[in-house]
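Below are the chains, spelled out letter by letter.
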Amino acid sequence: MKYWGGAVTDVGIKKTVNQDSLCLKIVDTEQYGQIAMAVICDGMGGLARGELASAEVIRVFDNWFRNVLPKKIGTVPLRQLAMEINHIVKEQNHRITNYGKRIGEKLGTTLSMFLAIQGEYLIVHVGDCRIYEITEEIRQLTEDQTFIAREMKYGRMTPKEALTDRRRNVLLQCVGASGDVVPDILFGTVKPDAVYLLCSDGFRHEISEHEICESLSPLSIRSEDDIRARCGELVEVVKDRKERDNISVMLLRTVG
């Protein structure tokens, strides 16, 4: 499996600091083909220094991908890697929490990670960024870990009520601001000629899944230049619709 990748992040029309942090890695290996990792972290806008929390988690995963993963590819099963990443997330939660206590501030970040090795993928997810799979249709792979998502799941709130509920942005957990973090861990098969999209909540609030699917379908993405161009176009659409949050979107398009 081969991949094209690209990402766009924008501070948006209201905020002065971009608290989103991204990491996108695609590397060639002789024995296992291309390996790809995409990570998106959204620092908590309501908490102080959210950009520090998101950047720190990205730094840790970038280091893990470059210096730890190469020694384990082909010898360590994906499910064992998931356990290792789960430990990293819990460790980061502890470290960021302690750092916040030392400086007298509360900071935290969401985390959504997509790792593809030999045609299989692993997702590790905390918070309300999203990961989608786009083929001829769009499918949300992650579940939002938010108050309103939980209420809708159990039938205690309708989608219409959720749109205006004042608890719309309340997270059930995030890295650095929760006593304990239990990431959602998902496994799947990477589809050929598909697009895997990671986005912050600021990207998806003012745009429909139909619009995303139409603009970012595999048929529309014929090069890495197409990825950057179409992601940039959608970010501008979201800004024109007066989204107030930071806006980030990242794509992996499978080739062959």
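Read on for a plain summary of the structure. None of the values given here were measured: they were computed from a predicted structure.

1. Brief notes about the side chain of Asp-201
Right, on to step 1. Within the fold, Asp-201 resides in helix α5 (residues 201-204).
Right, on to step 2. Discounting residues that sit within four places of it in the chain, Asp-201 has contacts with Asp-42, Asp-128, Asn-169 and Asp-245.

2. Concerning the environment of Ile-185
Right, on to step 1. Tracing the backbone through its elements, the reader meets Ile-185 in strand β8 (residues 184-189).
Right, on to step 2. For Ile-185, a relative accessible area of 31% corresponds to the partly exposed category.
Right, on to step 3. Setting aside anything within four residues of it in sequence, one finds Ile-185 in contact with Ala-82, Asn-86, Leu-122, Ile-123 and Val-124.

3. Comments concerning the environment of Glu-136
Right, on to step 1. Its location among the elements puts Glu-136 in the loop between β6 (130-134) and β7 (138-140).
Right, on to step 2. Placed 58 residues apart in sequence, Glu-136 and Ala-194 show a C-alpha to C-alpha distance of 8.5 Å.

4. Things to note about the pairing of strand β10 (residues 247-255)
Right, on to step 1. Taken across its 9 residues, β10 has 8 buried, putting it largely inside the fold.
Right, on to step 2. Judged from the 9 bridges that link them, strand β1 (residues 2-10) and β10 form a sheet pairing that is antiparallel. Among the inter-strand pairings, Gly-5 is bridged to a residue of β10, identified as Leu-252.
Right, on to step 3. Sheet topology places strand β9 (residues 195-199) next to β10; 5 bridges connect them, and they run antiparallel. Considered in β10, the bridge of Leu-198 is made with Met-250.

5. Looking at the pattern of salt bridges
Right, on to step 1. Taken as a whole and assessed by the stated rule, the structure comprises 20 salt bridges.
Right, on to step 2. The shortest N-O distance in the salt bridge between Asp-180 and Lys-90 comes to 3.4 Å. Of this pair, Asp-180 sits in the loop between α4 (159-164) and β8 while Lys-90 sits in helix α2 (residues 78-103), and the two are 90 residues apart along the sequence.
Right, on to step 3. Of the charged contacts in the structure, one is a salt bridge between Arg-204 and Asp-144, with a shortest N-O distance of 3.7 Å. Pair noted here: Arg-204 is in helix α5 and Asp-144 is in the loop between β7 and α3 (147-153), with a separation of 60 residues, a long-range link.
Right, on to step 4. The network of salt bridges with common partners includes Asp-10, Glu-236 and Lys-239.

About the cut-offs
- Residues numbered from 1 in each chain as written.
- Predicted model: local features only at pLDDT ≥ 70, side-chain atom pairs only at ≥ 80, totals over all residues.
- Heavy atoms only, no water.
- Helix = DSSP H or I, 4+ residues; strand = E, 2+ residues; numbered from the N terminus.
- Contact = heavy atoms within 4.5 Å.
- Buried < 20%, exposed > 50% of the residue type's maximum accessible area, 1.4 Å probe, protein only.
- Pairing = 2+ DSSP bridges.
- Salt bridge = Lys/Arg side-chain N within 4 Å of Asp/Glu carboxyl O.

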